[in-house]
Amino acid sequence: MRVLDYLEQEHRIRGGIVTATRQQRKALDAAGVDVIESPWVSDGPVDAARSRLTGGRAFREYDVAHCNVVGPGSVAVARHAKRNEIPLVLHAHVTAEDFGESFRLSDRLAPALRPYLRWFYSQADLVLCPSEYTKGVLESYPVSAPIEPVTNGVDIDSLSGFEELREPTRERFDLDGMVVFCVGEVFERKGLTTFCEVAQRTEYDFAWFGHYEAGAAAGEATRYWTNNPPENVTFTGWMDDKRAAFGAGDVYLFPTKDENQGIAALEAMATGKAVVLRDIPVFEEYFTHGEDCLKCDSREEFVDALRRLEANPDLRERLGENARETAREHSLDRVGDRLVAQYERLLGENHSGTP
């Protein structure tokens, strides 16, 4: 089986979609699938178009097309797949709901995105998404294609050796004591204001490891807090090695307002960190309050949770150990098996003539 696992503009974007796609590829490779990353016969769509105009091929050969973003290159792949009866899988990492509060003007653009996503995802033979929550969001648009949730998983091996980076990272950013941290892109939907306001009400060092926009594209909250951080908050900017973040931090605070899953939270769990989450619907599927995390609804509850964890190291350790077990349920082996099963089903339907 040869599968196109395509992430348009891969080298220009950051964040969870990139991580999820690369984890798919690693899982599929381990499952024995021949994975190609680009649909084009040459260096890109322009060269592919030239090839087509001179009588050659524009697209490479593959048995299944799997696209991870919603741009024009992915639209072209979708059209090619439909014309040539190649099973088309579209992965719904993006919804209008999680697009808001991410960068300047995103709130205004989010409502207009919904009809486009409805059209785009409805072309698929199968839509994959990270959670039952996201499936419900897509069904509400409504997307007419079949939708199946498949966890993004967590690459546990990629975190190996994080402990060795603890002291160098804490020294680099002047962090001490129980460090409360977050990992990933810095913007308001991720709970930026709550993160900073909780920090203002506690005595702990807070660190947010991840890129943030500093120019015109930055949202209002991002500009404000990164330029006026509380005294005990450090915004590190882009980290070349994510293991440094998980080594330096002690309690993972993730007050996000909307997620399709939250890969960094799973990574924190895989490293045995105590995790504090906002109590939103998607986390009901995977995480249990008081067993592998603490869930909070308000700024005051987040403050109380951190104080509990600082005062009770045994609670931190118990939550962390249970969190490791939760992360193992999202191993890449399971992701690969689930993806292969879906591909094989689609190929079987094509060969049998089933619509």
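The structure presented is a predicted model; accordingly, all values stated were derived computationally and were not measured. (Residues numbered from 1 in each chain as written. Predicted model: local features only at pLDDT ≥ 70, side-chain atom pairs only at ≥ 80, totals over all residues. Heavy atoms only, no water.)

Enquirer: So, the overall build of the chain: which residues are in play, and what are the values?
Expert: Across its full length, the chain holds 15 helices and 12 strands. Taking 2.2 N^0.38 as the reference for a compact globule, 355 residues should give roughly 20 Å; the C-alpha atoms of the chain span a radius of gyration of 21 Å, in line with that estimate. Seen along its three principal axes, the alpha-carbon backbone of the chain occupies a region of about 65 × 40 × 40 Å. Counting over 355 residues, the chain shows a buried share of 55%. (Helix = DSSP H or I, 4+ residues; strand = E, 2+ residues; numbered from the N terminus. Rg over C-alpha atoms; globule rule 2.2 N^0.38 Å. Buried < 20%, exposed > 50% of the residue type's maximum accessible area, 1.4 Å probe, protein only.)

Enquirer: Give me the lowdown on the nonpolar core, citing residues and values where you can.
Expert: Counting 62 residues, the largest nonpolar core has F206, F209, Y252, L253, V276 and L306 as its most contacted members. Per-element tally for this core: the top contributor is helix α11 (residues 263-270), with 6 residues. Apart from residues lying up to four places away in sequence, Y252 is in contact with F181, C182, V183, A264, A265, A268, A274, V275 and V276. (Core = buried A, V, L, I, M, F, W, Y, C linked by side-chain atoms within 4.5 Å. Contact = heavy atoms within 4.5 Å.)

Enquirer: I'd love a proper account of the pairing of strand β3 (residues 64-67), names of residues and values included.
Expert: Every second residue of β3 is oriented toward a common face, with V64 and H66 on one face and A65 and C67 on the other, all of them buried. Where strand β1 (residues 2-6) lies against β3, 4 bridges are found, and the strand directions are parallel. Note that in β3 the partner of L4 across the bridge is A65. Sheet topology note: the β3/strand β4 (residues 88-91) ladder contains 3 bridges and is parallel. By the bridge assignment for β4, H66 is matched with V89. With helix α3 (residues 72-83) bridging β3 and the parallel β4, this β-α-β connection has right-handed handedness. (Pairing = 2+ DSSP bridges. Right-handed = clockwise from strand over helix to strand, strands pointing away.)

Enquirer: An account of the side chain of T222 is needed here, citing residue identities and associated values.
Expert: By the element assignment, T222 lies in helix α9 (residues 220-227). Relative accessible area serves as the criterion here: at 2%, T222 is assigned to the buried category. Within the structure, the side chain of T222 is placed 3.4 Å from the backbone oxygen of V186, a separation counted as a polar contact. With sequence-adjacent residues up to four places away left out, T222 is seen in contact with V186, F187, E188, L192, Y212 and E213. (Polar contact = N/O pair within 3.5 Å; in protein donor to acceptor, adjacent residues only side chain to side chain.)

Enquirer: Talk me through helix α14 (residues 313-328); I want residue IDs and the actual numbers.
Expert: Here α14 spans 23 Å end to end across 16 residues, near enough to the 22 Å set by a 1.5 Å rise per residue. Taken residue by residue, α14 has L315, L319, G320, A323, T326 and A327 as its buried positions. Around the axis of α14, the buried residues are gathered within 130 degrees of arc, so they sit on the same side. Exposed residues pointing more than 90 degrees away from the buried face of α14 are listed as D314 and E317. Its buried side turned inward, α14 meets α11, β11 (274-278), α12 (281-286), β12 (294-296) and α13 (299-311). (Expected span 1.5 Å × (residues − 1). Arc of directions from axis to C-beta.)

Enquirer: Tell me what's going on with the pairing of strand β7 (residues 180-183), and back it up with residues and numbers.
Expert: Where burial is concerned, the two faces of β7 agree: the one with V180 and C182 and the one with F181 and V183 are both buried. As defined by bridge partners, β7 adjoins strand β8 (residues 206-209) across 4 bridges and the pair is classed as parallel. Note on β8: the bridge partner recorded for V180 is F206. The handedness of the β7 to β8 crossover, carried by helix α8 (residues 192-200), is right-handed. With 2 bridges connecting them, β7 and strand β10 (residues 251-254) associate as parallel partners. The partner of V180 across the bridge, within β10, is V251.

Enquirer: Could you give an account of the sheet that holds β11, with specific residues and numbers?
Expert: Overall, parallel pairing links the 6 strands, which are arranged β9-β8-β7-β10-β11-β12 in an open sheet. Only two strands of the sheet have a single neighbouring strand rather than two, namely β9 (233-237) and β12. Neighbouring strand axes in the sheet, compared pairwise and without regard to direction, differ in orientation by 25 degrees on average. Across 4 bridges, β10 lies against β11 in parallel orientation. Counted as the bridge partner of V251 is A274 from β11. (Axes fitted to C-alpha atoms, helices over the stretch in contact; angles between N-to-C directions.)

Enquirer: Mind laying out the environment of E344, listing which residues take part and the relevant values?
Expert: Looking at the secondary structure, you find E344 in helix α15 (residues 332-352). Separated by 35 residues in sequence, E344 and L309 have C-alpha atoms that sit 46 Å apart.

Enquirer: A description of the packing of aromatic side chains should follow, citing residues and the corresponding values.
Expert: Two descriptors summarise a pair of aromatic rings, namely the distance from one centre to the other and the angle between the planes of the rings. Applying the stated rule across the entire model yields 18 aromatic pairs. Each ring, one from Y116 and one from W119, has its centre 5.7 Å from the other, and the planes form 45 degrees; the classification is tilted. Within this pair, Y116 and its partner W119 are both found in helix α5 (residues 106-122), separated by 3 residues, close to a single helical turn. Residue classification places W119 among the partly exposed positions, given a relative accessible area of 38%. Consider the rings of W119 and F120, whose centres lie 6.4 Å apart with planes at 50 degrees: the pair is tilted. Given the relative accessible area of 1%, F120 is considered buried. Grouped by ring-pair contacts, the aromatic residues F173, F181, F209, F246, Y252, F254, F283, Y286 and F287 constitute a single cluster. (Phe/Tyr/Trp six-rings, centres within 6.5 Å; stacked < 30°, edge-to-face > 60°.)

Read these as geometric descriptors, not functional statements.
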